[in-house]
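# A structural walkthrough
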Amino acid sequence: MSQAEAVPRTARPLWSLGLLRSEITMTFRRWRTLALLAVLAGVPVLIGIAVRIETGDGGPGGGGGEGGPAFLSQVTHNGLFLVFASLAVTLPFFLPMSVGVIAGDSLAGEAHGGTLRYLLVAPAGRTRLLLVKYATTLTFCLVSTLIVALSALATGALLFPLGEVTLLSGSSVSFGEGLLRALAIAVAVAVSLTGVAAIGLFVSTLTTSGIAAMATTVGLLITVQILDSLPQLHALQPYLFPHYWLSFADLLRDPVYWDQLEKNLGLQALYAVVFGSAAWARFTTRDITA
């Protein structure tokens, strides 16, 4: 027996920080990703300017009495509420659409560009590459949500006064505690996007066209949003991934209402497991030709 044969071959680790770091760096250097983040950062600015113009003209201050977005009526009294209003506005479409674009293109884009086979030969391994792609998409979920929150905080501080935060339950907390609750809300919103990320990853394993995968993911998002708004489907709606998205508002109560938040977390975990498993089953048995 030779010396080389005597040394046992160690299995490749399932996780690689180097591969993850490389994937995150590449994703956030793409112009498409930067454009998506720029659009998300611009939404709170537009909302803040619109509210400022309305109140500057002697308007009623945010349109809260006219069915405006949640928290919008309180922005003029405390700029921190622009964070909550911006997340409420971007969560139904802008944030999940951006996540759908990143997730849908994660594998299909590599296949279309002819780099997927080389990534697997590198060797990355199919399971490890799939985990890294999903982790990168989850990183985008968190970063994009934080960018919306930070842009809203900066805009709110420039255009409106800051101070104690009056919670939905009527009690008041300090501005520092309000910031902590805003951070917790941003994390809750990012967690709400994990189901969309898993769906997009699964769709990305079904095709070699990045555009088709992105369009399909966004189309599914719009369809499910419509289904969640139809009262005739009330029995089905608790199982739809966007149903509990706005439960983050319960973090602005004292005490915090955890019921809807826990249901949202469980639902997103269920979608992540189901569609993540489907993506793994498809990707590990797929014939990679590109």
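Let us look at the structure shown here.

## Here's the deal with the nonpolar core
Within the largest apolar cluster, 67 residues are counted, with the highest numbers of intra-cluster contacts made by Phe71, Val75, Val83, Phe84, Ile185, Phe241 and Phe248. Sorting the residues of this core by element identifies helix H3 (31–56), helix H4 (81–90), helix H5 (94–113), helix H7 (126–159), helix H8 (175–192), helix H9 (194–204), helix H10 (210–229) and helix H11 (259–285) as the ones contributing at least two each. In terms of residue count, the dominant contributor to this core is H7 (eight residues). Aside from chain neighbours lying at most four places away, what touches isoleucine 185 is Phe84, Leu87, Phe248, Leu251 and Leu252.

## What about the environment of glutamine 268?
Relative to the assigned elements, glutamine 268 resides in helix H11. Taking the C-alpha atoms as reference, glutamine 268 lies 9.5 Å from tyrosine 244; in sequence the two are 24 residues apart. Once residues lying within four places of it in the same chain are set aside, the contact partners of glutamine 268 are Val191, Ser192, Thr194, Gly195, Phe241 and Trp245.

## Brief notes about the side chain of aspartate 228
You can see aspartate 228 is positioned in helix H10. The buried charged residue aspartate 228 lacks any salt bridge partner; its closest oppositely charged side chain belongs to lysine 263, at an N-O distance of 13 Å.

Rules and cut-offs
- Residues numbered from 1 in each chain as written.
- Predicted model: local features only at pLDDT ≥ 70, side-chain atom pairs only at ≥ 80, totals over all residues.
- Heavy atoms only, no water.
- Core = buried A, V, L, I, M, F, W, Y, C linked by side-chain atoms within 4.5 Å.
- Buried < 20%, exposed > 50% of the residue type's maximum accessible area, 1.4 Å probe, protein only.
- Helix = DSSP H or I, 4+ residues; strand = E, 2+ residues; numbered from the N terminus.
- Contact = heavy atoms within 4.5 Å.
- Lys, Arg positive; Asp, Glu negative; His and termini not counted.
- Salt bridge = Lys/Arg side-chain N within 4 Å of Asp/Glu carboxyl O.

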